[in-house]
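Now for the letters of each chain:
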Amino acid sequence: MIIKKVNNVQEALTGVKDSMTFMLGGFGLCGIPENSINELVNLNVKDITCISNNAGVDDFGLGLLLKKKQIKKMISSYVGENAEFERQMLSGELEVDLVPQGTLAERCRAAQHGIPAFFTPAGYGTEVAEGKEVRDFNGKPHIMETAFHADFAFIKAWKGDEAGNLIFKGTARNFNPVMCGAAKITVVEVEELVKPGELDPNFVHVPGVFVQRIFEGKNYEKRIEQRTTKEA
Amino acid sequence: MIIKKVNNVQEALTGVKDSMTFMLGGFGLCGIPENSINELVNLNVKDITCISNNAGVDDFGLGLLLKKKQIKKMISSYVGENAEFERQMLSGELEVDLVPQGTLAERCRAAQHGIPAFFTPAGYGTEVAEGKEVRDFNGKPHIMETAFHADFAFIKAWKGDEAGNLIFKGTARNFNPVMCGAAKITVVEVEELVKPGELDPNFVHVPGVFVQRIFEGKNYEKRIEQRTTKEA
Amino acid sequence: MLDKNGIAKRIAQEVKDGYYVNLGIGIPTLVANYVRDDIQVEFQSENGILGMGPFPTEANVDADLINAGKQTITARKGASFFDSAMSFGMIRGQHVDLTILGAMEVAQNGNIANWKIPGKMVKGMGGAMDLVGSAKNIIVAMMHTNRAGQSKLLKECSLPLTGVKCVTKIVTNLAVLEIVDGKFKLLERAPGINIEEIKKATEGDLLIPENVTEMKM
Amino acid sequence: MLDKNGIAKRIAQEVKDGYYVNLGIGIPTLVANYVRDDIQVEFQSENGILGMGPFPTEANVDADLINAGKQTITARKGASFFDSAMSFGMIRGQHVDLTILGAMEVAQNGNIANWKIPGKMVKGMGGAMDLVGSAKNIIVAMMHTNRAGQSKLLKECSLPLTGVKCVTKIVTNLAVLEIVDGKFKLLERAPGINIEEIKKATEGDLLIPENVTEMKM
């Protein structure tokens, strides 16, 4: 098999530079690539564009990059949990491109699958449709959306093998699988890295061909935004 | 949970009529819905359109429907294993629409996912592109392809639960998952039908929402077209 | 007059046996608490679960298992997890039967605005544009008026739109209404609310049938 | 002159360490037998497997595990199975490094025809149009001439096309050639074959460099 294993996050992020475009998996703080984000903070890369459904919270996840003003532009669907984000956006310091969540997922998946453009009804008649082609199919108006590409995709999986095969757990899956292979280099951090052959090939969520580098992450915090419980 | 279980293939095929369009999973004879095909032969529905990657062999799979001249039109990518098919096609008895395999899969997946049209480079400059819109993306010509819809999809899965969740085995997966939900009614036959809760929700290949009817199939033949072996 | 739980309770009556339902953040989330337990209903959350269950006990909290409101949840028997493309495939492909979401404004032609106040608040549309762009059956759950006392049921939306001509029904603290021929047709009054009160709180054109019954709660 | 196995053996030299490779039906399938075992290569079969292994022993035959040629196969360690949309996503998205397939005709501009003889034979294009429409690196494996002795390396294809301007390299029983500036550039001669023989068997324009070495097998 073709081995994608690298030794640590530093090696995994080799080649990351200012002004690049990154994709980052996760929904809220669930399933975010914590190790890679922290290393992006350490590397202090600037003027980056981030494609990520959310923008973290003020002191965690992408919020850490926002605080250090490393992000020039965010492409997201929902940014409501982050006060610093809203401040930078309303003041004009931060460029923001808001994209409907399903369209965001599909535009990543389109890049992964070599589809340059597709039609969706989401956003028709709204700001999102401005400047985009509108076309009727089956009597209903749709807008044309194009694939998102990036320089790096930073992905968090539950388990992976050294050949880059990935599996995810629960709703930490979210945007992670659809971003794999949508960037020139897909970097995956996993909670547990196993030898090839240990994952059942029937239940691999993302085949290793979409992954360039994989490493076992450390010290996962896995913060919870809304801890809601019921009586035991 | 919402229960999709029906008792047998007869109940599963209720509502099947002449002149309908059907999708059928499978690649060659691998992963074909044997029980549903046999019941379509019994029901003797006529003038049907079949969307299926292949057309079976002379005496098995879709070949059985061809032999009885139940099929008016085939939409497939490869039909080379079936002499009766070639005869009917070259004589003009059978309408045939040949579609590149990846485009066929994506057109089914597009219907499943509510995407009316997308662009692909496959078939540009060939007969397949005739009458279709051509557009350049990133300096490369692509053609626009539209979603395939059907009245019924006939699917074969390995295991399923009564809520319609499905898992597949090996390369018997192929077109089966992408056809689920691309038809008005998706009928699934499984080798083993289990109670909801028995499948790990992390490893469900097709969520039950895409399935209307599910039953445990009988007497699987699982014929092999090219039995190739090496010395033990 | 209904409170938020009352609105949720009334909307729960719209949830039928065999429905797959997507619940938005806020009042819609509460609807799950009031669905009859003699019918089979599954909840989809667009971050990637079908078969969402109630909140976990403290011992069962799992950071990898949340809903679209970022709340910790549980999975029911027969649940499944999937990626965001698959999740919105379900939504865009109209496999979800009912969508319940909040709004800042609804117009009498069925337009809805719920994601942006220019220059002031921009949280983003999240999955709302995908949901309202595709769903066959959309119920809006909201208060009839905003904090300043202004009607949220308008002739035209003043805020940036989330979707056009898509809302089916609206359930507020005062009434149940549906969009018919470009007007708000009054279907039911909230307990203790009379038609004059609803008229006063509605800026858009109201269609008032002869008999408008009180909601049965 | 090479036989089919010889063509496969020569093509195997084009397979580099770390490559994901899609092998078509016929001669291309044989390439797997000759790839150096000191390099890491994975084979993709478009019906839904990455990490295809050798044929099974009789005891291990599994009807649910075949390749795109419908042959029973095995899966290697680190393999994965997936659906047809994902499989062609890999191909269309250019994640597969090398595609090796057969052809009826190749034109000097890189056009290829391999799926239809009008009025006579229509097997269908299978995955070939997706493969040649997207792959970065396409090697054609075929005999230099057809059974009637006519060249299959043409100025223009006469049969319905599978793809346009896509072929990178051609390995035949007589030679290795690549498409350069709309011509067939001769790279290597098969053992025992001289340039005159290649010229005679090639209808398209040949670019013949000064030194054309014999293939190293």
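Values in this document were obtained by computation on a predicted structure and should not be read as measured data.

### Focus on the packing of helix α5 (residues 101–112) of chain A against helix α3 (residues 84–92) of chain C
Piece 1. Direction vectors running N to C along α5 of chain A and α3 of chain C enclose 125°, while the axes themselves pass 9 Å from each other. Classified by the angle their axes make, α5 of chain A and α3 of chain C are oblique. The way α5 of chain A lies across α3 of chain C gives a crossing that is left-handed. Here Gln101, Gly102, Thr103, Ala105, Glu106 and Arg109 of chain A of α5 of chain A lie close against α3 of chain C, whose contacting residues are Ser84, Ala85, Phe88 and Arg92 of chain C.
Piece 2. In the contact of α5 of chain A with α3 of chain C, the residues fall into three nonpolar, four polar and three charged.

### A look at the sheet that holds strand β11 (residues 153–154) of chain C
All names here are of chain C.
Piece 1. Strand order across the open sheet formed by three strands is β7-β6-β11, with mixed pairing between neighbours. Two strands bound the open sheet, and with one partner strand each, they are β7 (112–113) and β11.
Piece 2. Direction of pairing for strand β6 (residues 105–107) relative to β7: antiparallel, over a ladder of two bridges. Among the inter-strand pairings, Val106 is bridged to a residue of β7, identified as Ile112.

### Regarding the interface of chain D and chain B
Buried accessible area, meaning the area lost when the parts come together, often serves as the stated size of an interface.
Piece 1. Taken residue by residue, the interface counts 49 residues in chain D and 51 residues in chain B.
Piece 2. Buried area between chain D and chain B, summed over both chains or domains, comes out near 4100 Å², and the portion from carbon and sulfur atoms is 58%.
Piece 3. On the chain D side of the interface with chain B, the three residues burying the most area are Asp64, Lys70 and Lys123 of chain D, jointly 19% of the side's total.
Piece 4. Our enumeration of links across chain D and chain B arrives at five salt bridges.
Piece 5. Among the salt bridges present, the one from Arg227 of chain B reaches Glu58 of chain D, with a minimum N-O distance of 2.9 Å.

### Considering the pattern of salt bridges
Piece 1. All told, the structure shown has 53 salt bridges over all chains when counted by the stated rule.
Piece 2. Between Arg223 of chain B and Asp59 of chain B there is a salt bridge, with its nearest N and O atoms 3.1 Å apart. Of this pair, Arg223 of chain B sits in the segment after β11 (213–216) while Asp59 of chain B sits in the loop between β2 (48–51) and α3 (62–67), and the two are 164 residues apart along the sequence.
Piece 3. Note that Arg10 of chain D is salt-bridged to Glu14 of chain D, the shortest N-O span being 2.9 Å.

### Description of the environment of Phe60 of chain A
All names here are of chain A.
Piece 1. Tracing the backbone shows Phe60 in the loop between β2 (48–51) and α3 (62–67).
Piece 2. Residue Phe60 is classed as buried on the basis of its relative accessible area, which comes to 5%.
Piece 3. Taking C-alpha positions, Phe60 is 24 Å from Gly160, a pair spaced 100 residues apart along the chain.
Piece 4. Not counting residues within four places of it along the chain, the set of residues in contact with Phe60 comprises Leu29, Ile32, Glu34, Glu221 and Arg223.

### Section: the state of the cysteines
Piece 1. The full count for this structure, using the stated rule, is zero disulfides over all chains.
Piece 2. With no disulfide of its own, Cys157 of chain C has Cys166 of chain C as its nearest cysteine by sulfur position, at a separation of 9.0 Å.

### Remarks on the sheet that holds strand β11 (residues 153–154) of chain D
Piece 1. Reading across from one edge, β7-β6-β11 (chain D) is the order of the three strands in this open sheet, with mixed pairing throughout. Two strands close off the open sheet at either side, each with one partner strand: β7 (112–113) and β11 of chain D.

### Details of the confidence of the model for chain C
Piece 1. Residue-level pLDDT values for chain C average 96, and 100% of them are 70 or greater.
Piece 2. Here the predicted complex scores 0.97 on pTM and 0.97 on ipTM.

### A closer look at the interface of chain A and chain C
Piece 1. Across the boundary between the two partners, chain A contributes 51 residues, which contact 49 residues of chain C.
Piece 2. Summed over both sides, the interface between chain A and chain C buries roughly 4100 Å², with carbon and sulfur atoms accounting for 58% of that surface.
Piece 3. There are five salt bridges connecting chain A and chain C.
Piece 4. Between Asp64 of chain C and Lys169 of chain A there is a salt bridge, and its shortest N-O distance comes to 2.9 Å.
Piece 5. Between chain A and chain C we count 25 residue pairs in polar contact (both at pLDDT 80 or more) in total.
Piece 6. Secondary-structure elements contributing two or more residues to the side of chain A that touches chain C are α4 (83–91), α5 and α6 (176–179) of chain A.
Piece 7. When residues of the side of chain A that touches chain C are assigned to their parent elements, the largest contribution, six residues, is made by α5 of chain A.
Piece 8. For the side of chain A that touches chain C, a count of residues per class yields 20 nonpolar, 17 polar and 14 charged.

### Details of the side chain of Gln44 of chain D
Residue and element names in this part refer to chain D.
Piece 1. Looking at the secondary structure, you find Gln44 in strand β2 (residues 42–45).
Piece 2. A relative accessible area of 0% places Gln44 in the buried class.
Piece 3. One polar contact links Gln44 to Asn22, side chain to side chain, over a distance of 2.8 Å.
Piece 4. Among the polar contacts listed, one links the side chain of Gln44 to the side chain of Ser87, at a separation of 3.2 Å.

### Some remarks on the environment of Gly69 of chain D
Piece 1. Along the chain, the position of Gly69 of chain D falls in the loop between β3 (49–53) and β4 (74–81).
Piece 2. Linking Gly69 of chain D and Val41 of chain D, residues 28 residues apart in sequence, is a C-alpha distance of 20 Å.
Piece 3. The contacts of Gly69 of chain D, once residues within four sequence positions are left out, are Gln226 of chain B together with Ile25 of chain D.

### A closer look at α3 of chain C
Piece 1. Here α3 of chain C lies mainly inside the structure; nine of its nine residues are buried.
Piece 2. At the N-terminal boundary of α3 of chain C, the capping side chain belongs to Asp83 of chain C, with an oxygen 2.9 Å from the backbone nitrogen of Ala85 of chain C.

### Comments concerning the nonpolar core
Piece 1. Met23 and Leu166 of chain A together with Met23 and Leu166 of chain B are the most contacted members of the largest nonpolar core, which totals 98 residues.
Piece 2. Once you skip the residues sitting within four places of it in the chain, Met23 of chain A turns out to touch Ile51, Cys108, Phe148, His149, Ala150, Phe152, Ala153, Phe154, Met179 and Ala182 of chain A.

### What to know about the environment of Asn38 of chain A
Residues and elements named next belong to chain A.
Piece 1. Here Asn38 is to be found in helix α2 (residues 34–43).
Piece 2. Judged by relative accessible area, which is 36%, Asn38 ranks as partly exposed.
Piece 3. In the structure, Asn38 is positioned 29 residues away from Val9 in sequence and 9.4 Å away in space, judged by C-alpha atoms.

### Section: α2 of chain A
Residues and elements named next belong to chain A.
Piece 1. Burial within α2 is extensive, with seven of its ten residues counted as buried.
Piece 2. Taken residue by residue, α2 has Glu34, Asn35, Ser36, Ile37, Glu39, Leu40 and Val41 as its buried positions.
Piece 3. Contact partners of the buried residues in α2: α1 (9–12), β1 (21–24), α3, β8 (150–161), β10 (183–194) and β11 (213–216).
Piece 4. Where α2 terminates, the next one or two residues include Asn44, which has phi positive at roughly 55°.

### Topic: the side chain of Thr99 of chain C
Piece 1. Here Thr99 of chain C shows up in strand β5 (residues 98–101).
Piece 2. The buried category is assigned to Thr99 of chain C, whose relative accessible area is 1%.

### Side note on the pairing of strand β6 (residues 134–137) of chain B
Successive side chains on a regular strand alternate, one facing one side of the sheet and the next facing the other.
Residue and element names in this part refer to chain B.
Piece 1. In this sheet, strand β7 (residues 140–146) lies alongside β6 in antiparallel orientation, the contact comprising four bridges. In the strand pairing of β7, Asp136 is matched with Pro141.
Piece 2. If you look at the hairpin formed by β6 and β7, you'll find two residues sitting between the two strands, and Asn138 has a positive phi there, around 50°.

What counts as what
- Residues numbered from 1 in each chain as written.
- Chains lettered and ligands numbered in written order.
- Predicted model: local features only at pLDDT ≥ 70, side-chain atom pairs only at ≥ 80, totals over all residues.
- Heavy atoms only, no water.
- Axes fitted to C-alpha atoms, helices over the stretch in contact; angles between N-to-C directions.
- Helix = DSSP H or I, 4+ residues; strand = E, 2+ residues; numbered from the N terminus.
- Parallel < 35°, antiparallel > 145°, perpendicular 65-115°, else oblique.
- Left-handed = near helix turned anticlockwise from the far one by under 90°.
- Contact = heavy atoms within 4.5 Å.
- Nonpolar A, V, L, I, M, F, W, Y, C, P; charged D, E, K, R; others polar.
- Pairing = 2+ DSSP bridges.
- Buried area = accessible area lost by both parts, 1.4 Å probe.
- Salt bridge = Lys/Arg side-chain N within 4 Å of Asp/Glu carboxyl O.
- Buried < 20%, exposed > 50% of the residue type's maximum accessible area, 1.4 Å probe, protein only.
- Disulfide = S-S within 2.5 Å.
- pLDDT = per-residue confidence, 0-100.
- Polar contact = N/O pair within 3.5 Å; in protein donor to acceptor, adjacent residues only side chain to side chain.
- Core = buried A, V, L, I, M, F, W, Y, C linked by side-chain atoms within 4.5 Å.

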